[in-house]
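Coordinate analysis (summary)
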Amino acid sequence: MAQNPQKPVRRKPAGGVRAVLIASAERFIATFSDDGTKCSTDDGPETMIACPLIDDRSSFDERLEIRGGVKTVTHTLKLVADRDAAERWFHPSFIHLLRHTGVVARIEMGDGRHLIAGTSANIPYGQPLKLRSIEALSGCSNADRPTAVMVLQCTDDAFAAEIDNN
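For every chain, the first residue of the written sequence is number 1, and numbering continues from 1 along that sequence. It should be noted that, the model being predicted, local features are given only for residues of pLDDT at least 70 and side-chain atom pairs only at 80 or more, the latter also being counted only at that level, while totals for whole chains, interfaces and linings use all residues. Side-chain metrics in this entry use all non-hydrogen atoms of the structure; hydrogen atoms and water are not considered.

1. Focus on a nonpolar patch on the surface
Note the following rule: Patches here are clusters of residues that have more than 30% relative accessible area and form no salt bridge, with a 9 Å joining cutoff for like charges and a 5 Å cutoff for nonpolar side chains (Val, Leu, Ile, Met, Phe, Trp, Tyr). Here, Shrake-Rupley sampling with a 1.4 Å probe gives the accessible areas, and only protein chains in the shown set may cover a residue. For this analysis, a salt bridge means a side-chain nitrogen from Lys or Arg found within 4 Å of a carboxyl oxygen belonging to Asp or Glu. In DSSP terms, a helix is any run of H or I states spanning at least four residues, a strand is any run of E spanning at least two, and both are numbered starting from the N terminus.
Together, L64, I66 and F159 line one region of the surface with nonpolar side chains, adding up to about 300 Å² of accessible area. Position of L64 among the secondary structure elements: in strand β5 (residues 59-67).

If you want it as C-alpha cells, here you go:
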C-alpha cells in the first residue's frame, strides 16, 4: 500500500512571538507579492519601535470568519512586557497613535518566520492594528513582577503575509 506523503505540520511554540517592531501606519511602506502571501518592507529599524517583550506570554492569533460569503480575518497581537520597560505604552501621545492612526507590526514568530500585520495587499492603508486594551498588572504572588499587557487588533481580508527581507 502506497503512503500519502504529507507536509510536516508547523506547530506554534509556546508564546509564539519572539520580537515585535511597530511603526505608524501612516509611514509604513510594504510591497506585496501577486498572491499577497509575501511582502518586503522599505522601513528600516530607524522608523520602527521595538516592543520590550518578556518571557513567552506574547502571542499573535488570526481568526478566519465567513459571513454571507464575505471572508474576514481578525488579527490579534498581545504583547507582554516588563511594566517599567513599557512605560512608553502609557504615554498619551502613544495611546492616541494606537487608537486613531494605528500601527503596522513586524512580528518575529517563535518558529523563525517573520510576519507583517496591520497592512495587506488588498487593503494597504485601510486596516492598521489599533489599540484594544492596555493593562498594568501588579502580579498575583510575591515572585511576580509588574507587567504591562497591550492588545492590538485589526480585521482585513487575508492572513498576515510573510516578510521576504528578514
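After that view, the rundown keeps rolling.
2. Quick word on the sheet that holds strand β9 (residues 130-137)
Threshold: We treat two strands as partners when DSSP finds at least two bridges between them. Where helices are involved, their axes are fitted lines through C-alpha atoms of the stretch in contact, as for all axes, and angles between N-to-C directions lie from 0 to 180°. Contact criterion: two residues are considered in contact whenever any of their non-hydrogen atoms come within 4.5 Å of each other.
On the basis of which strands lie adjacent, the open sheet formed by four strands has the order β5-β6-β10-β9 and antiparallel pairing. Where the open sheet ends on each side, the last strands, each with one partner, are β5 and β9. The sheet shows a mean angle of 15° between the axes of neighbouring strands, taken without regard to direction. Note that β5 and strand β6 (residues 70-82) share nine bridges and pair antiparallel. Looking across to β6, one finds that F60 is bridged to L77. Contacting β9 and β10 (147-156), helix α1 (residues 92-101) runs over the sheet at an angle of about 145° to β9.

3. Section: the nonpolar core
One broad trend across soluble globular proteins is that nonpolar side chains are buried collectively. Spelled out, the test is: To qualify as a nonpolar core, a set must consist of buried Ala, Val, Leu, Ile, Met, Phe, Trp, Tyr and Cys residues joined through side-chain atoms within 4.5 Å. Relative accessibility thresholds used throughout: buried, under 20% of the residue-type maximum; exposed, over 50%; partly exposed, between the two (1.4 Å probe, protein chains only).
By size, the foremost hydrophobic cluster in this structure holds 26 residues, and its most contacted members are V20, F60, L77, L79, W89, I107 and L129. Contributing elements (two or more residues each) for this core: β1 (17-24), β6, α1, β7 (103-109), β8 (114-117) and β10. When neighbours within four sequence positions are excluded, I107 is seen to be in contact with V17, A19, V20, F60, L77, R113, H114, L115 and A117. Counting residues in each nonpolar core, the second largest holds five residues, with A25, V104, A161 and I163 among its members.

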